[in-house]
Amino acid sequence: MSRIAYVNGRYRLHADAVVHVEDRGYQFADGVYEVIAVQRGRMVDEGPHLSRLDRSLSELRIPWPMSRRALRVVLVEVIGRNRIIDSGLVYVQITRGVAPRSHAIPSATASCLVVTARPLPPFDRDAARKGVAVITIPDIRWKRCDIKTVSLLPNVLGKQQAIDAGAFDAWMIDSDGAVTEGTASNAWIISTAGELITRQASTAILNGITRCAVFGIAADQGCTLVERPFTVAEARSAAEAFQTSTTSVVKPVVRIDDTMIGDGKIGPLTERLLDLYAGHMLAAGE
Ligand code: PLP
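Keep in mind it's a predicted model, so treat the numbers as computed, not measured. Once a new chain begins, its residue numbering starts again from 1 and follows that chain's sequence as written. In view of the model being predicted, local features appear only for residues whose pLDDT reaches at least 70, and side-chain atom pairs are presented and counted only at 80 or more, with totals across whole chains, interfaces and linings using the full set of residues. Note that the side-chain values use all heavy atoms of the structure and ignore hydrogens as well as water.

1. A look at the overall build of the chain
Then step 1. Only DSSP runs of H or I with at least four residues qualify as helices, and only runs of E with at least two residues qualify as strands; both kinds are numbered from the N terminus onward. Within the chain one finds eight helices and 15 strands.
Then step 2. Radius of gyration (C-alpha) of the chain: 19 Å, near the 19 Å computed for a compact globule of 286 residues.
Then step 3. By principal-axis analysis of the C-alpha atoms, the chain measures approximately 55 × 45 × 35 Å.
Then step 4. Within the chain, the proportion of its 286 residues that are buried is 49%.
Then step 5. Residues are treated as being in contact if the distance between any of their heavy atoms lies within 4.5 Å. A fraction of 70% describes how many contacts in the chain between residues 6 or more apart in sequence connect residues 24 or more apart.
Then step 6. Carbon and sulfur atoms form 54% of the exposed surface of the chain, whose accessible area is close to 13,500 Å².
Then step 7. Across the chain, 33 positive and 31 negative side-chain charges occur, with their mean positions spaced 5 Å apart. Throughout, the radius of gyration refers to the C-alpha atoms, and the reference size of a globule is 2.2 Å times the residue count to the power 0.38. Relative accessibility under 20% of the residue-type maximum defines a buried residue, over 50% an exposed one, and the middle range a partly exposed one, all with a 1.4 Å probe and only protein chains included. Only the protein chains shown count as covering a residue, and every accessible area follows the Shrake-Rupley method with a 1.4 Å probe. In summary, the charge assignment counts Lys and Arg as positive and Asp and Glu as negative, without counting His or the chain termini. Charge placement uses NZ in Lys and CZ in Arg. For Asp and Glu, CG and CD serve respectively.

Okay, structure coming up:
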């Protein structure tokens, strides 16, 4: 079956879906995006994702290309046209649009909207329980990591550094020696005292939609939640560690650099949160 993409008002074959060479997303990374999980054909946490998109657009002064309600119609249509009846991902990208190349923001440019979607294998609990290794690297990003921009070069380089080191991801470290986040995920640890610790939302991290959902689930479970920066040393001596994101869900971290976390397997609280979050995700399709 052919994949279909939406580009600026038209549904096109994915292979033929193109944007202009002077699109500012291409020239300046002047754009924002969202990745939304699909379960049983329905978007997971659609409202929070679209609200974050709204915030990213407004922080960069990029106009909405259409109303939020109309965008929702396009998302549903792209999911349907790509026949995602079970699991998948839908990707939305909005850039400032096409203008002669100049740094200054052009006054009257139509934002460029692209939506793609792809199916994924159904959620596999056993595969999800498998722990991964992360390395730590300096955080070399700009000071507005709260905006979900398509400017992801440090994240790209960090992820590749992790792969080259045989790890799944890289946790980035700020100038105070504290973990900010993964290259496309939020970082969490569970102290030996049982506290669930994750960095507070600020301009230093992207406030993940999965992070917020897991936070709510953990609060409902009566977990002791602490939002604060934690150091690499703390992370290495944690009882459990994991990361959260739309694509990696709740991913147990069982090695940080050369240090094994706990007994090198998914910890009990991480497992409980993974199961509860999987329930939350799968409920989106009901
Ligand atoms: N942090 C960064 C830098 C990300 O790129 C992402 C997701 O792409 C996240 C955190 C997790 O966000 P979410 O849970 O909304 O997918």
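2. Regarding the packing of helix α6 (residues 209–220) against helix α8 (residues 268–283)
Then step 1. For the pair α6 and α8, the least separation of the axes is 10 Å and the interaxial angle reads 115 degrees. Between α6 and α8, the interaxial angle falls into the category roughly perpendicular. At the point where α6 passes α8, the crossing takes the right-handed sense. Only Leu273, Leu276, Tyr277 and His280 of α8 make contact with α6, whose side of the interface consists of Thr210, Ala213, Val214, Ile217 and Ala218. Comment: axis = line fitted to C-alpha atoms, over the contacting stretch for helices; angle = value between 0 and 180 degrees taken between N-to-C directions. Angular relationships are summarised with four words: roughly parallel below 35 degrees, roughly antiparallel beyond 145, roughly perpendicular across 65 to 115, and oblique for the angles in between. Handedness of a crossing is defined here by the sense of rotation of the near helix relative to the far one, left-handed for an anticlockwise turn of less than a right angle and right-handed for a clockwise turn.

3. A short note on the environment of Gly177
Then step 1. Structurally, the position occupied by Gly177 is in the loop between β8 (169–173) and β9 (179–182).
Then step 2. You can call Gly177 partly exposed: its relative accessible area is 26%.
Then step 3. As a C-alpha pair, Gly177 and Val214 span 37 residues in sequence and 25 Å in three-dimensional space.
Then step 4. In this structure, Gly177 is in contact with Thr231 and Val232, ignoring residues within four places of it in sequence.

4. What to know about the site of the ligand
Then step 1. Residues are classed as near a molecule or strand on a simple rule: at least one heavy atom within 4 Å of it. Around the ligand sit 18 residues in total, of which Arg52, Glu181, Ile209, Thr210 and Thr246 are the nearest.
Then step 2. When the free accessible area of the ligand is taken as 390 Å², the share hidden by the protein chains comes to 93%.
Then step 3. Sorting the residues of the shell around the ligand by element identifies β9, α6 and β13 (240–245) as the ones contributing at least two each.
Then step 4. Lys, Arg, Asp and Glu make up the charged group, whereas Ala, Val, Leu, Ile, Met, Phe, Trp, Tyr, Cys and Pro make up the nonpolar group; the residues left over, Gly among them, are polar. Here the residues of the shell around the ligand sort into four nonpolar, 10 polar and four charged.

5. Some points on the pattern of salt bridges
Then step 1. What makes a salt bridge here is a side-chain nitrogen of Lys or Arg within 4 Å of a carboxyl oxygen of Asp or Glu, nothing more. Under the defined criterion, the tally for this structure stands at 17 salt bridges.
Then step 2. A salt bridge links Arg141 to Glu181; the shortest N-O distance between them is 2.8 Å. Taken together, the residues Arg141 in the loop between β7 (132–138) and α5 (153–164) and Glu181 in strand β9 connect sequence positions 40 residues apart.
Then step 3. Classification of Arg141 by relative accessible area gives buried; the value is 16%.
Then step 4. Residues participating in the shared-partner salt-bridge network are Arg55, Glu59, Arg144 and Asp146.

6. Examining the sheet that holds strand β3 (residues 31–39)
Then step 1. Being paired, for any two strands, means DSSP has found at least two bridges between them. Strand order across the open sheet formed by six strands is β2-β1-β6-β5-β3-β4, with antiparallel pairing between neighbours. Looking along the sheet, the strands with just one partner apiece sit at the ends: β2 (10–13) and β4 (42–43).
Then step 2. Contacting β1 (4–7), β2, β3, β4, β5 (88–95) and β6 (112–119), helix α3 (residues 68–81) runs over the sheet at an angle of about 35 degrees to β6.

7. Re the pairing of strand β10 (residues 186–190)
It is a general feature of regular strands that their side chains alternate between the two faces of the sheet.
Then step 1. Most of β10 is tucked away, with five of its five residues classed as buried.
Then step 2. Side-chain alternation along β10 places Asn186, Trp188 and Ile190 on one buried face and Ala187 and Ile189 on a second face that is also buried.
Then step 3. Pairing of β10 with β13, which is carried by five bridges, proceeds in the antiparallel orientation. Note on β13: the bridge partner recorded for Trp188 is Phe242.
Then step 4. By the bridge criterion, three bridges tie β10 to strand β11 (residues 196–198) in an arrangement that is antiparallel. Paired with Ile190 across the strands is Leu196, a residue of β11.
Then step 5. From the end of β10 to the start of β11, which pair antiparallel, there are five residues, and Gly194 there has a positive phi angle of about 90 degrees.

Geometric descriptors of this kind do not, in isolation, establish any biological role.
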